[in-house]
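# Descriptive analysis of the structure
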Amino acid sequence: MKDLLGAHFIYEYENSWKYELYIKNEETIDYRIHTGMVAGRWVRDQKVDMVKLTKGVYKLSWTEPTGTDVVVELMPEEKRLHGMIFFPKWVEEHPEITVCYQNDFISLMHESREKFETYPKHLVGEFATIIFAENCGINNEKVISCAPYDGMIADIIAGKIVN
Ligand SMILES: C=Cc1ccc(O)c(OC)c1
C-alpha cells in the first residue's frame, strides 16, 4: 500500500466524467468532482476500505452519507482504473442536492436519504484514464481544500496549484 499513500490523481472516465482523488492515508480519501452528473461536489475525510489485490492493483471501497456506494480499482502503473458507482435512486433524481462541500451538509445527506427513494439503484461502471498523478505525502490537508472550478484541472496540470 505504501506506494499508493499520499497519491493524488486526476482521471477521466470513458463517459467523460472527470474526478480528482487524494489518498490521504490508509483509511481516508478526499475528492473533487470536476465534470459529470454531480460536478462541483467535493468531499474530505471519506473513510474507505483499501486493499492491494496484487502487484500494482488496488481496490478502494466505501459507502457515503448519501447512501452512494463506490468501488474503485486502481492500476496506477497502467494509468487506468475502473470505477463502479451504486447511486441510490434519489441521487439520480436530485443530483443537485449532493453538489456541495459535503462535510458541511452531512445532516442534509442523511435527511435526504431517508426522505427520498433508494431503489432501484442507478449503477455506473466505467474505466478511466489517469491524466495526472503526483504524490503529496500523507495527511496533507492542502491537496483538496477548496471547491472545484472551471479550469482547475488545467491549473493543477500546469503546476499553478502547489500543495
Ligand atoms: C461518488 C464518488 C466517487 C465515484 C467515483 C470515483 O472515482 C470517485 O473518486 C474519488 C468518487
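- Going by what an unreviewed UniProt entry lists, the chain is known as Phenolic acid decarboxylase and is assigned to Ancylomarina subtilis.

### Some words on the nonpolar core
- Phe9, Tyr11, Ile23, Leu60 and Leu74 are the most contacted members of the largest nonpolar core, which has 34 residues in total.
- Among the elements of the structure, β1 (7-13), β2 (18-25), β3 (28-33), β6 (57-63), β7 (69-75), β8 (80-87), α1 (89-93) and β9 (122-135) are those that each provide at least two residues to this core.
- Discounting chain neighbours no more than four positions away, the residues touching Leu74 are Leu4, Phe9, Leu21, Ile23, Gly56, Val57, Tyr58, Leu60, Arg80, Leu81 and Ile130.

### Here's the deal with the packing of aromatic side chains
- Inspection of every chain in the model, using the stated rule, returns 7 aromatic pairs.
- When the ring of Tyr11 is compared with that of Tyr19, the centres are 6.4 Å apart and the planes differ by 15°; the resulting orientation is stacked. Comparing Tyr11 with Tyr19 shows no difference in burial state: the two are buried.
- An angle of 25° between the planes, with centres 4.1 Å apart, marks the rings of Trp42 and Tyr101 as stacked. A residue pair is termed long-range when its members are at least 10 positions apart, and Trp42 in strand β4 (residues 42-47) and Tyr101 in the loop between α1 and α2 (106-115) qualify at 59 residues.
- Chaining the aromatic ring pairs together yields one cluster made of Tyr11, Tyr13, Trp17 and Tyr19.

### Side note on the UniProt feature "active site" (unreviewed entry) in the chain
- The residues that UniProt annotates with the feature "active site" (unreviewed entry) are Tyr19 and Glu64.
- With respect to the element layout, Tyr19 can be found in strand β2.
- The residues touching Tyr19, leaving out its near neighbours within four places in the chain, are Phe9, Ile10, Tyr11, Tyr13, Arg32, Ile33, His34, Thr35, Val38 and Ile85.
- Among the secondary structure elements, Glu64 is positioned in the loop between β6 and β7.
- Leaving out residues up to four positions away in the same chain, Glu64 has contacts with Tyr31, Arg41, Gln46, Asp69, Val70 and Arg113.
- At a separation of 2.6 Å, a polar atom in the side chain of Glu64 contacts the side chain of Tyr31.

### Points about the site of the ligand
- In the vicinity of the ligand, the contacting residues are Tyr11, Tyr13, Tyr19, Leu21, Tyr31, Trp62, Glu64, Val70, Val72 and Ile85.
- Between the ligand and the protein, one listed contact pairs an oxygen atom with a side-chain N or O atom of Tyr11 at 2.6 Å.
- In the model, an oxygen atom of the ligand is placed 2.5 Å from a nitrogen or oxygen of the Tyr13 side chain.
- Relative to its free-state accessible area of 310 Å², the ligand is covered by the protein chains to the extent of 99%.
- Those elements that provide at least two residues to the shell around the ligand are β1, β2 and β7.

### Points about the pairing of β2
- For β2, the tally of buried residues reaches 7 of 8 residues, placing the bulk of the element in the interior.
- Relative to β2, β1 runs antiparallel, the two being bridged by 5 bridges. In the sheet register, Glu12 faces β2, and the bridge partner there is Lys18.
- Looking at chain direction, β2 and β3 are connected through 6 bridges and run antiparallel. Paired with Asn25 across the bridge in β3 is Thr28.
- Between β2 and β3, which pair antiparallel in sequence order, lie 2 residues.

### Re the pattern of salt bridges
- Evaluation of the coordinates by the stated rule reveals 11 salt bridges.
- Taking the shortest distance from any N to any O, the salt bridge between Glu93 and Lys89 comes out at 3.9 Å. Residue Glu93 and its partner Lys89 are located together in helix α1, separated by 4 residues, close to a single helical turn.
- With a relative accessible area of 46%, Glu93 lands in the partly exposed category.
- When salt bridges with common partners are traced through the structure, they connect Lys24, Asp30, Arg44, Asp45 and Glu141 into a single cluster.

What counts and what doesn't
- Residues numbered from 1 in each chain as written.
- Predicted model: local features only at pLDDT ≥ 70, side-chain atom pairs only at ≥ 80, totals over all residues.
- Heavy atoms only, no water.
- Core = buried A, V, L, I, M, F, W, Y, C linked by side-chain atoms within 4.5 Å.
- Buried < 20%, exposed > 50% of the residue type's maximum accessible area, 1.4 Å probe, protein only.
- Helix = DSSP H or I, 4+ residues; strand = E, 2+ residues; numbered from the N terminus.
- Contact = heavy atoms within 4.5 Å.
- Phe/Tyr/Trp six-rings, centres within 6.5 Å; stacked < 30°, edge-to-face > 60°.
- UniProt positions renumbered as here; feature names shortened; annotations may be inferred.
- Polar contact = N/O pair within 3.5 Å; in protein donor to acceptor, adjacent residues only side chain to side chain.
- Near = heavy atom within 4 Å.
- Areas by Shrake-Rupley, 256 points an atom, 1.4 Å probe, with all protein chains shown as cover.
- Pairing = 2+ DSSP bridges.
- Salt bridge = Lys/Arg side-chain N within 4 Å of Asp/Glu carboxyl O.

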